[in-house]
Amino acid sequence: MTLSGLVDLVAVDPTIAPSVDDARRGLLRALDLTATGPAAAEALRPVLVAALAAGSGRPALLITSTYREAEATTAALASLLGDERVAYYPAWETLPHERLSPRSDTVGRRLQVLRRLAGNDELPAPDVIVAPV
């Protein structure tokens with residue numbers, strides 16, 4: 001069960017509709033949903049992203065400041081769009097200068113998202129990719 005009706009309702013709001021139309025026509029390249037850009041309440045951000053991504057025909061990339069925020073946003077978007085339409089692209093848990101390799105499950109999860117984007121996976125390409133900075 002998804003809350004797609006809520007996404008449709010938000011998409012037609014007069015304040016948000018112009019950005020949704022731009023996203024669907026491919027004119028919207030970047031949108032800052034934090035306090036420095038068009039301010040959006042944190043709880044409303046997944047709904048806005050779902051409205052912007054739905055029907056655009058190309059994946060949207062949502063970048064969060066922490067991995068916890070990315071995981072919470074992925075879960076919220078999955079409840080709005082459905083599990084198959086959202087992908088979590090995990091961050092490396094090692095720094096570039098460290099002599100450690102990332103965990104194999106992190107590498108696998110990242111490769112799965114890339115395979116979906118390339119069309120080489122049984123799952124369709126996601127509408128939204130959520131990644132921590």
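Refer to the structure above for everything that follows.
These numbers come from a predicted model, not from an experiment. (Residues numbered from 1 in each chain as written. Predicted model: local features only at pLDDT ≥ 70, side-chain atom pairs only at ≥ 80, totals over all residues. Heavy atoms only, no water.)

A. Spotlight on the overall build of the protein. Broken down by element type, the protein carries five helices and three strands. Along the protein, helices (α) and strands (β) appear in the sequence α-α-α-β-α-β-α-β when read from the amino end. Buried positions account for 35% of the 133 residues belonging to the protein. When the accessible surface of the protein is summed, it comes to about 8300 Å², and 58% of that surface belongs to carbon and sulfur atoms. (Helix = DSSP H or I, 4+ residues; strand = E, 2+ residues; numbered from the N terminus. Buried < 20%, exposed > 50% of the residue type's maximum accessible area, 1.4 Å probe, protein only. Areas by Shrake-Rupley, 256 points an atom, 1.4 Å probe, with all protein chains shown as cover.)

B. Expanded view of the environment of Leu61. On the secondary structure map, Leu61 appears in strand β1 (residues 60-64). For Leu61, a relative accessible area of 56% gives the class exposed. Through-space distance from the C-alpha of Leu61 to that of Ala87 is 9.7 Å; in sequence the pair is 26 residues apart. Excluding anything up to four places from it in sequence, Leu61 contacts Ile129 and Ala131. (Contact = heavy atoms within 4.5 Å.)

C. Spatial organisation of helix α4 (residues 67-81). Helix length check: α4, at 15 residues, gives a terminal C-alpha distance of 20 Å against a target of 21 Å (1.5 Å per residue), a fit within 8%. Within the span of α4, buried status applies to Ala70, Thr73, Thr74, Leu77, Ala78, Leu80 and Leu81. Down the axis of α4, the sector holding all buried residues measures 160 degrees, keeping them to one side. Gly82 sits one or two residues past α4 and shows a positive phi near 110 degrees. (Expected span 1.5 Å × (residues − 1). Arc of directions from axis to C-beta.)

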